[in-house]
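What follows is each chain in one-letter form.
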Amino acid sequence: QVQLVESGGGLVQAGGSLRLSCAASGPILSINFMGWFRQAPGKRREQVARITIGGSTSYADSVKGRFTISRDNAKNTVSVQMNSLKPEDTGVYYCLAEGVRATGDLATYWGQGTQVTDSS
């Protein structure tokens, strides 16, 4: 069974930084793209950043210039460096991976979520 395990959430003051990491494990042949979503209280889950296997990245407008996503294809890990954090960045952050399973079909996997909270 493919699992995504996130780490790095916590309390942070406005203007501070956090780095979230996610590791995928299990029977997955290749991961086409990985990304981060977040869900603030009372709001819909939204994409924050994503990165393809080739390294192409995209970001939500609200985090451009502040967040940087990166991945290690050999280790099936993805990280997001979050700088200049704002109170509105508070939420549960979820790791996402879409790839090809050992059976040959595409599948999407989610992590369990990690909380990022503004402590200002």
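Residues numbered from 1 in each chain as written. Predicted model: local features only at pLDDT ≥ 70, side-chain atom pairs only at ≥ 80, totals over all residues. Heavy atoms only, no water.

### A look at the state of the cysteines
One covalent bond between the sulfur atoms of two cysteine residues makes up a disulfide. Quick note on the threshold: Here, two cysteine sulfur atoms that lie within 2.5 Å of each other are counted as a disulfide. Each helix corresponds to a stretch of at least 4 residues labelled H or I by DSSP, and each strand to a stretch of at least 2 residues labelled E; elements are numbered beginning at the N terminus. Summary of the burial criterion: residues with accessible area below 20% of their type's maximum are buried, those above 50% are exposed, and those between are partly exposed, where the area comes from a 1.4 Å probe applied to protein chains only.
In the structure shown here, the tally under the stated rule is one disulfide. One disulfide in the model links C22 with C95; its S-S distance is 2.1 Å. Because the torsion about its S-S bond is -85 degrees, the bridge between C22 and C95 counts as left-handed. Residue C22 is found in strand 3 (residues 18-25), and its partner C95 is found in strand 9 (residues 91-101); the two are separated by 73 residues along the sequence. One exposure class covers both C22 and C95, and it is buried.

### Re the nonpolar core
Soluble globular proteins: nonpolar side chains tend toward being buried together. Going by this rule: In this text, buried Ala, Val, Leu, Ile, Met, Phe, Trp, Tyr and Cys residues form a nonpolar core when linked through side-chain atoms within 4.5 Å. Here, two residues are considered to be in contact whenever any of their heavy atoms come within 4.5 Å of each other.
Residues W36, F67, V78, M82 and Y93 are the most contacted members of the largest nonpolar core, which totals 28 residues. Within the residue set of this core, elements represented by two or more residues are strand 3, strand 4 (28-39), strand 5 (46-52), strand 7 (67-72), strand 8 (77-82), strand 9 and strand 10 (106-110). Setting aside residues no more than four positions away along its own chain, V78 makes contact with L20, S21, C22, M34, W36, I51, I69, S70, R71 and C95.

### Focus on unusual backbone geometry
Positive phi outside glycine occurs at N76, with the angle close to 55 degrees. Positionally, N76 belongs in the loop between strand 7 and strand 8.

### What to know about the packing of aromatic side chains
Selection rule: Between rings of Phe, Tyr and Trp, where Trp is taken as its six-membered ring, a pair exists when centres lie within 6.5 Å; planes separated by under 30 degrees are stacked, by over 60 edge-to-face, and by other angles tilted. A ring is considered to have a charge above it if a Lys NZ or an Arg CZ atom is located within 6 Å of its centre and within 35 degrees of its normal.
In the structure shown here, the tally under the stated rule is two aromatic pairs. Relative to W110, the ring of F37 lies with its centre 5.0 Å away and its plane at 70 degrees, an arrangement referred to as edge-to-face. Taken together, the positions of F37 in strand 4 and W110 in strand 10 put the pair 73 residues apart, joining distant regions of the chain. Ring centres of Y94 and W110 lie 6.5 Å apart, and the angle between their planes is 85 degrees; on these two criteria the pair is classed as edge-to-face. One end of the pair, Y94, is in strand 9; the other, W110, is in strand 10, with 16 residues separating them in the sequence. A relative accessible area of 13% places Y94 in the buried class. Chaining the aromatic ring pairs together yields one cluster made of F37, Y94 and W110. Residue placement shows R50 over the ring face of F33; its charged tip is 3.9 Å from the ring centre.

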